[in-house]
Every structure is written in C-alpha cells, then in structure tokens.
Amino acid sequence: MFEKKKVWLGVGSVLATTVAASQVSATALTQPSAAPTMFMAAPMAEGEMAAPEIDLNTNDTAFLAQLGFIRGHLWVGMKLYEQGHIEMAKTHMKHPGDELYSGLTEAFEARGLPGFAESLNTLAESVINDQSKDVVMNNYNELRDAISANEPIDNMSAKDVILSISSMLMVAADEYAIGIQNGEVANVHEYQDAMGFKEIALDRLNRINDAEAHKAQDAINETRQVINNLNNLWPTTTPEGKVDGEPSKIYGAASRIELEARSI
C-alpha cells in the first residue's frame, strides 16, 4: 500500500507551508474547494521518511499526526467490520502495525511512553482470526484507551493540534487522489484510508483541552466546518464505479485549516 511512503511528506509539507500561506487569497475558510496552486498541481511525490528534520521525539504536532494515521486505519477498519465487510476490515487492521507503528518506537522510548504494540496486535489478530464480535469490540476499545495514554493532546495548544489536523488532511488528500481518479474508483483501500484520516482529524477538535478550546473557539468552529464540508466526498465506505470527488478540495481544506491555526 501507499500510505507508509507518503505519511512523512504529508506531515512535513504542512509544517513547512508558512511561505505558501502568504500566497493564499482571502477566500472564506469555509470554502475548501479553492486550493492554492501548490496543492493542486499533483499528489505529493513518494518517499518513505522524507522529512528527517522532523523529530518525533520532541515534535508533538508531528507525533500526534502519526498516531492519528494509526487511529484512522483502525476507525475505517472497524467501520467496515461493523458493516460486514470483514475481508476489507482485515487489510486495515494489518497496516498500522506493519507500516506505521515501527516508526514510533524510538519516540515512545524517548518520551517515556509505554506504546501499544501488544494491544494493536491483539486487535488485528482477533479480526484476522474471525473471533467473536464481542471480543473484537473489547479489543478495539482497549486499544483506543492504550493509544490515548500515549497521546500528548491534553497538554498541547489548540494551534498545534489544529496544525496536526491540517497535516492529516494533506495525507488524506494524497490517499484520495490515489483512490479516486477521473471520477472513478481506482483504489478503494486508499479512498477508505482518506475517510478514516478525515474522521480522526474531526474528532481531534473535541479533545483539545478546555482552556485552549475556550481561547481558540472561533478557530475550532471554523476548522470543524471546513472538515464537515468535505463529507460528501465519501458517500459510502465501499464505493464502486463513479464517485463525484476531487482531492483538490481536501488539499484546499488542509491549507485553510493551517491558516486558521496560525491565526490563533
């Protein structure tokens, strides 16, 4: 799959878009379809770990985004599982451990965090081995709690959380560009990844601590509206044939959310 080749480019791109921000017009932030030129040209080039200057040991924004990608895979995997698309669900359960978690082990150690490898593997095995729904759901809930224990979001500023959300949407746009091409489903897995990343990005807004949420309420509300405006790009979890969606809308939303974060 493609995500492990693009995650770091996505994180790096948003953290480095301050220059681009000055080139974006004053179009209303709730109109994400008007993406700046740098985001509309093409999906980002592939290259695993392409932003070595980002230190996950100390950069909470990038670290939170990486945990968000894992959550996104799991979210869409469980959504497919609940809808009865078990074989599709299995592929999403395998990838967080196979492709993303290993890049975090050093950061967990440096931050004095326990990680959640065992819980991640337990959930994947329970889905892959067709264990009962009760077992799977219990494992999923335990894993979500384990991920939360490793996330720095409670102590982060609203600005940094929203920047992390923007970086997640950049990668979601890359995934969507692979999944939907010329209005047709080209790769449903990548389309689903994008859906999961979008959902986790939205959920992040609800977890900003109370003091920061009060200070940045307007930016949070604006960000929520921008993300919600993207919902029609995912009419279903398992599309076939034509889908009326453009990745440029997601790139535009990511850039507007970054501007919103930098206005706080």
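Okay, so let's go over this structure. Within each chain, residue numbers correspond to sequence positions counted from 1 in written order. Residues qualify for local features only when their pLDDT is at least 70, as the model is predicted, and side-chain atom pairs are given and counted only at 80 or more; totals for whole chains, interfaces and linings, by contrast, use all residues. Hydrogens and waters are ignored; side-chain quantities use all the structure's heavy atoms.

Here we come to the overall build of the protein. Every helix listed is a DSSP run of H or I at least four residues long, and every strand listed is a run of E at least two residues long, numbered separately from the N terminus. When its secondary structure is counted, the protein shows 13 helices and two strands. Should any heavy atoms of two residues lie within 4.5 Å, those residues are considered in contact. Counting contacts in the protein only where the partners sit at least 6 residues apart, residues at least 24 apart contribute 82% of the total. The protein chains shown are the only cover counted for residues, whose accessible areas, like all others here, come from Shrake-Rupley with a 1.4 Å probe. Just so you have it, the protein exposes about 11300 Å², and 46% of that area is on carbon and sulfur atoms.

With that settled, the discussion passes to the pattern of salt bridges. By salt bridge we mean one thing: a side-chain nitrogen of Lys or Arg within 4 Å of a carboxyl oxygen of Asp or Glu. Under the criterion given, the structure shown has ten salt bridges. With a shortest N-O distance of 3.1 Å, Lys215 and Glu212 are connected by a salt bridge. A residue pair is termed a helical-turn pair when its members lie 3 or 4 positions apart in one helix, as Lys215 and Glu212 do in helix 11 (residues 210-215) at three residues. Per-residue accessibility, obtained with a 1.4 Å probe over protein chains only, is compared with the maximum for each type, and a residue is labelled buried under 20%, exposed over 50%, and partly exposed between these values. By relative accessible area, Lys215 is classed as exposed at 57%.

Now for the nonpolar core. The definition of a nonpolar core used throughout is a set of buried Ala, Val, Leu, Ile, Met, Phe, Trp, Tyr and Cys residues joined through side-chain atoms within 4.5 Å. One finds Ile70, Leu74, Phe116, Leu123, Tyr176, Trp234 and Ile250 to be the most contacted residues of the largest nonpolar core, which totals 72 residues. Aside from chain neighbours lying at most four places away, what touches Leu123 is Leu74, Met78, Met93, Val136, Asn139, Tyr140 and Leu143.

To continue, consider the packing of helix 4 (residues 60-82) against helix 8 (residues 133-148). Contact geometry of helix 4 with helix 8 gives a least axis separation of 12 Å together with a crossing angle of 165 degrees. Judged by the inter-axis angle, helix 4 sits roughly antiparallel to helix 8. For the pair helix 4 and helix 8, the sense of crossing is left-handed. Contacts between helix 4 and helix 8 involve Ile70, Arg71, Leu74, Trp75, Met78, Tyr81 and Glu82 on the former and, on the latter, Lys133, Val136, Met137, Tyr140, Leu143, Arg144, Ile147 and Ser148. Here the residues of the contact of helix 4 with helix 8 sort into ten nonpolar, one polar and four charged. Axes here mean lines fitted to C-alpha atoms, for a helix over just the part in contact, with angles spanning 0 to 180 degrees between N-to-C directions. Any angle that is under 35 degrees is reported as roughly parallel, and any over 145 degrees as roughly antiparallel; angles of 65 to 115 degrees are reported as roughly perpendicular and all others as oblique. Left-handed describes a crossing whose near helix is turned anticlockwise from the far helix through less than a right angle; right-handed describes the clockwise counterpart. Put simply, Ala, Val, Leu, Ile, Met, Phe, Trp, Tyr, Cys and Pro go in the nonpolar bin, Asp, Glu, Lys and Arg in the charged bin, and everything else, Gly too, in the polar bin.

To estimate the expected span of a helix, count its residues, drop one, and scale the result by 1.5 Å. For helix 13 (residues 247-262), which comprises 16 residues, the first-to-last C-alpha distance of 23 Å matches the rise-based estimate of 22 Å (1.5 Å per residue) to within 8%. Counting buried residues in helix 13 gives 13 out of 16 residues, a clear majority hidden from the surface.

Each pair of aromatic rings taken from Phe, Tyr and Trp, with Trp reduced to its six-membered ring, is defined by centres within 6.5 Å and is described as stacked if the planes are under 30 degrees apart, edge-to-face if over 60, and tilted in the remaining cases. The tally for this structure, following the rule as stated, stands at seven aromatic pairs. Relative to Phe197, the ring of Phe69 lies with its centre 5.0 Å away and its plane at 65 degrees, an arrangement referred to as edge-to-face. Separated by 128 residues along the polypeptide, Phe69 in helix 4 and Phe197 in helix 10 (residues 188-204) bring together distant segments of the chain. Assessed through its relative accessible area of 0%, Phe69 is described here as buried. Taking the centre distance of 5.9 Å and the plane angle of 35 degrees together, the rings of Tyr176 and Tyr191 count as tilted. Of the two residues, Tyr176 sits in helix 9 (residues 158-179) while Tyr191 sits in helix 10, which places them 15 residues apart along the sequence. Of the two residues, Tyr176 and Tyr191, neither departs from the other in class, the shared state being buried. The structure contains a cluster of three or more aromatic residues connected by ring pairs, namely Phe63, Tyr101, Phe108 and Phe116. We call a charge positioned over a ring when the NZ of a Lys or the CZ of an Arg lies within 6 Å of the ring centre and within 35 degrees of the ring normal. A cation over an aromatic ring shows up here: Arg111 above the ring of Phe63, its NZ or CZ 4.0 Å from the ring centre.

Structural measurements only, silent on function.
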